[in-house]
Amino acid sequence: MNKHEILIDKSKCIGCSLCANDCVAHNITMENKKANVIANDCIMCGHCVAICPKGAMSISGYETEPVEKEQSTSLNPDDVLNVIRFRRTIRQFQKKPIPQGVLDQILETGKLTHTAKNMQDVSYIVLDKEKEQIEAYAVSLFRKIKPIAGIFSSMVKRVNIGDHFMFFEAPTVIVITAKNTINGALAAQNMEFVAEANGLGVLFSGYFTMAANISPKIKKKLGIMKGKKVITTLVLGYPKVKYQRSVQREEVDVTYL
Ligand SMILES: Cc1cc2nc3c(=O)[nH]c(=O)nc-3n(C[C@H](O)[C@H](O)[C@H](O)COP(=O)(O)O)c2cc1C
Ligand code: SF4
Ligand code: SF4
């Protein structure tokens with residue numbers, strides 16, 4: 001039996017065809033001016049539920065109900081651009097824990113982020129008690145790699161791989177795993193925005209991500225599911241630093257054809 005089933009309350013259906021016209025899987029037909037679902041093997045995107053003006057469509061098997069959209073949730077484009085302009089990677093954190101409610105909201109953001117084919121393949125590992133030990137594994141791995149990597153980069157040669165080289169003593173780390181790289185990356189970016197809206201600063205730890213993907217020991221410790229890989233690692237905490245201005249970037253590299 002399918003975990004989810006698309007249900008139509010035909011007594012509410014007014015035959016407007018909005019659901020059928022918006023269904024990417026061509027899974028809805030109109031019969032006798034009523035919507036009719038062909039099968040439950042679609043991608044369960046929920047567009048039919050979201051678009052129905054009469055609330056006639058529903059999908060069973062979820063723990064939460066759809067939320068009614070009371071008002072427009074449009075964003076001011078200049079504000080959004082400035083959030084992106086002024087965000088900086090944070091590597092200095094206050095010794096202040098992140099409240100569970102804020103963490104829950106950040107994880108909810110990941111959950112709500114769209115995925116290719118509605119795969120919902122993104123998982124989160126919050127490093128808490130084991131954070132220091134897992135960081136120590138990754139640091140030790142990088143210390144071993146450094147002499148070789150240093151041959152190719154003078155910057156790498158200069159870098160001191162301290163005990164907190166990966167997580168910078170941040171209170172919380174979220175390792176994001178997924179089957180599809182873009183799905184994990186989209187969730188991560190949205191989570192960063194919500195984290196920042198809560199006054200947090202974020203570092204995307206590429207070094208830890210690399211360590212986790214090459215080290216069987218770290219992979220095992222994280223309990224990464226088969227078919228998934230670490231997409232990125234969010235290091236989160238209240239910033240100890242404040243930036244006064246934006247930074248310069250190269251001109252946008254764009255081609256119009
Ligand atoms: C995918 C990704 C991985 C990164 N990995 C690391 C990392 O492991 N350690 C680190 O100190 N910074 C890391 N950074 C931060 C980048 O160095 C930083 O974004 C860049 O220098 C620009 O600075 P800004 O984010 O403050 O604008 C990473 C950034 C991204 C997007
Ligand atoms: S959108 Fe709703 S009311 Fe319109 S056809 Fe579909 S189920 Fe019926
Ligand atoms: S859930 Fe999406 S794919 Fe499935 S019937 Fe509804 S609109 Fe179509």
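The structure under discussion appears in the preceding block.
A brief look at the structure comes next. (Residues numbered from 1 in each chain as written. Chains lettered and ligands numbered in written order. Predicted model: local features only at pLDDT ≥ 70, side-chain atom pairs only at ≥ 80, totals over all residues. Heavy atoms only, no water.)

Turning our eyes to something else, we now look at the overall build of the chain. On a plain count of helices and strands, the chain comes out with nine helices and eight strands. C-alpha atoms of the chain, sized along the principal axes, occupy 75 × 45 × 45 Å. Relative to its 257 residues, the chain shows a buried fraction of 33%. Expressed as a percentage of contacts within the chain between residues at least 6 apart in sequence, the contacts between residues at least 24 apart total 77%. (Helix = DSSP H or I, 4+ residues; strand = E, 2+ residues; numbered from the N terminus. Buried < 20%, exposed > 50% of the residue type's maximum accessible area, 1.4 Å probe, protein only. Contact = heavy atoms within 4.5 Å.)

With that settled, the discussion passes to the environment of Ile90. Tracing the sequence through the fold places Ile90 in the loop between helix H3 (77-86) and helix H4 (100-112). Expressed as a C-alpha distance, the spacing of Ile90 and Ser153, which sit 63 residues apart in the sequence, is 24 Å. Not counting the four nearest positions on each side in its chain, Ile90 is found in contact with Gly201, Val202, Leu203, Pro239, Val241 and Tyr243.

Turning our attention to the site of ligand 3. If you check the shell around ligand 3, you find Ile6, Cys23, Ala25, Asn27, Ile28, Cys42, Met44, Cys45, Gly46, His47 and Cys48 and nothing else. Using a 2 Å cut-off from the grid points, one finds that ligand 3 occupies the largest cavity. Class assignment for the residues of the shell around ligand 3 results in eight nonpolar, three polar and no charged. (Near = heavy atom within 4 Å. 1 Å grid on protein atoms, 1.4 Å probe; cavity = no way out; pocket = protein on both sides within 12 Å on 5 of 7 lines; lining within 4 Å. Sits in = over half its atoms within 2 Å of the grid points. Nonpolar A, V, L, I, M, F, W, Y, C, P; charged D, E, K, R; others polar.)

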